[in-house]
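Summary of the model geometry
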Amino acid sequence: MYRFSIILAACVFATSVVAADFKLYENGRFGYAIDLPADFKTVQTPDNGDGIGLNSADGTAKLSVWGNYLTEGGFSQESDLRKKFETEDGWKFTYEKRGSSWASFSGIKGDRIIYMRQIALCDDAMGNFTFEYPAAQQKRFGPLVDRMVKTLEAPKHCD
């Protein structure tokens, strides 16, 4: 019976971590959309309408979501520039995967993890999110990253 209780408790905990609530965020300026963790608190909404900054309820994680116009040529060059900014800030990247219209990076700095996702948008723009959190909370925040990667979307049609 004790063993069953432990297994049941582990299953309930795992389900609650994965079953986090999300809210859809749609950016009117750049046209991208993404599901954001519902319990994160908005800490910044820039006047230019490019995105949103949020923190986890306990303040241990930071999430930035934004759009920007390409300044360094094509999508790949702009993606490299964004990664370079973070590298210059001390992040050491341990994971990188790219397609022609998307890129993902993950790295560490001290006891923290950063995950970056970028997608190509209409009108020579890109959509981005950067999620920074304690490495010790990977099991808590990893599923949130997975959901945001899957839901960061460009407009269906460019005008």
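For the structure, see preceding data.
So, here's what we can say about the structure. (Residues numbered from 1 in each chain as written. Predicted model: local features only at pLDDT ≥ 70, side-chain atom pairs only at ≥ 80, totals over all residues. Heavy atoms only, no water.)

1. What about the nonpolar core?
Convention followed: Note on terminology: a nonpolar core comprises buried Ala, Val, Leu, Ile, Met, Phe, Trp, Tyr and Cys residues joined through side-chain atoms within 4.5 Å. Accessible area is worked out with a 1.4 Å probe on protein chains only. A residue is then buried under 20% of its type maximum, exposed over 50%, and partly exposed in between. Only runs of H or I of at least four residues qualify as helices and only runs of E of at least two qualify as strands under DSSP, and these elements are numbered from the N terminus.
I34, L36, F40, L63, V65, F129 and F131 are the most contacted members of the largest nonpolar core, which totals 26 residues. Broken down by secondary-structure element, the contributors of at least two residues to this core are β1 (22-26), β2 (33-37), β4 (51-55), β5 (62-69), β8 (112-121), β9 (125-134) and α3 (138-151). Among the elements that line this core, the one with the most residues is α3, at five residues. Residues L70, F75, W91 and F93 belong to the second largest nonpolar core, which totals nine residues.

2. Observations regarding the side chain of T130
What counts is decided by this rule: Residues are treated as being in contact if the distance between any of their heavy atoms lies within 4.5 Å.
Within the fold, T130 resides in strand β9. Excluding residues within four positions of it along the chain, T130 makes contact with K62, L63, S64, W66, I114, Y115 and M116.

3. Considering unusual backbone geometry
Of note in the backbone geometry, D123 takes a positive phi value of approximately 55° without being a glycine. With respect to the helices and strands, the residue D123 is situated in the loop between β8 and β9. For D123, a relative accessible area of 60% gives the class exposed. In this model, D124 sits at a positive phi of 55°, which is unusual for a non-glycine residue. Relative to the helices and strands, D124 resides in the loop between β8 and β9. With a relative accessible area of 57%, D124 lands in the exposed category.

4. Quick word on the pattern of salt bridges
This is how it is decided: Any carboxyl oxygen of Asp or Glu within 4 Å of a side-chain nitrogen of Lys or Arg constitutes a salt bridge here.
All chains considered together, the criterion is met by eleven salt bridges. Here K109 makes a salt bridge to D89, at a shortest N to O gap of 3.4 Å. Within this pair, whereas K109 is found in strand β7 (residues 102-109), its partner D89 is found in the loop between α2 (75-88) and β6 (92-98), the two being separated by 20 residues in sequence. When its relative accessible area of 47% is taken as the criterion, D89 is described as partly exposed. When the shortest N-O distance is used, the salt bridge between E96 and R98 registers 2.8 Å. For E96, a relative accessible area of 40% gives the class partly exposed.

5. A short note on the sheet that holds strand β3 (residues 41-44)
Short version of the rule: Pairing between strands requires that DSSP locate at least two bridges from one strand to the other. The axes are straight lines fitted to the C-alpha atoms, using for helices just the contacting stretch, and the angles between their N-to-C directions are given from 0 to 180°.
Taken in spatial order, the seven strands of this open sheet run β3-β4-β5-β9-β8-β7-β6, and their pairing is antiparallel. Each edge of the open sheet carries a strand with a single partner, namely β3 and β6. With strand direction ignored, the average angle separating the axes of adjacent strands in the sheet is 20°. For β4 and β5, the ladder comprises five bridges, and the chain directions are antiparallel. Bridge pairing in β5 places G53 opposite S64. Lying over the sheet, α2 contacts β5, β6, β7, β8 and β9, oriented at roughly 160° with respect to β8.

6. Thoughts on the packing of aromatic side chains
For clarity, the threshold we go by: Only Phe, Tyr and Trp rings take part, Trp by its six-membered ring, and two of them pair if their centres are within 6.5 Å. Stacked means planes under 30 degrees apart, edge-to-face means over 60, and tilted covers everything else.
Counted by the stated rule, this structure contains nine aromatic pairs. Residues Y133 and F141 carry aromatic rings whose centres are separated by 5.4 Å and whose planes lie at 50° to one another, so their mutual orientation is tilted. Each of the two residues, Y133 as well as F141, counts as buried. An aromatic cluster is present here, built from F40, F131, Y133 and F141 joined pairwise through their rings.

7. Examining α3
Rules: Expected helix span is taken as 1.5 Å per residue step, with the number of steps being one fewer than the number of residues.
For α3, with 14 residues, the first-to-last C-alpha span of 20 Å sits near the 20 Å given by 1.5 Å per residue. In this structure, the buried residues of α3 make contact with β1, β2, β5, β8 and β9.

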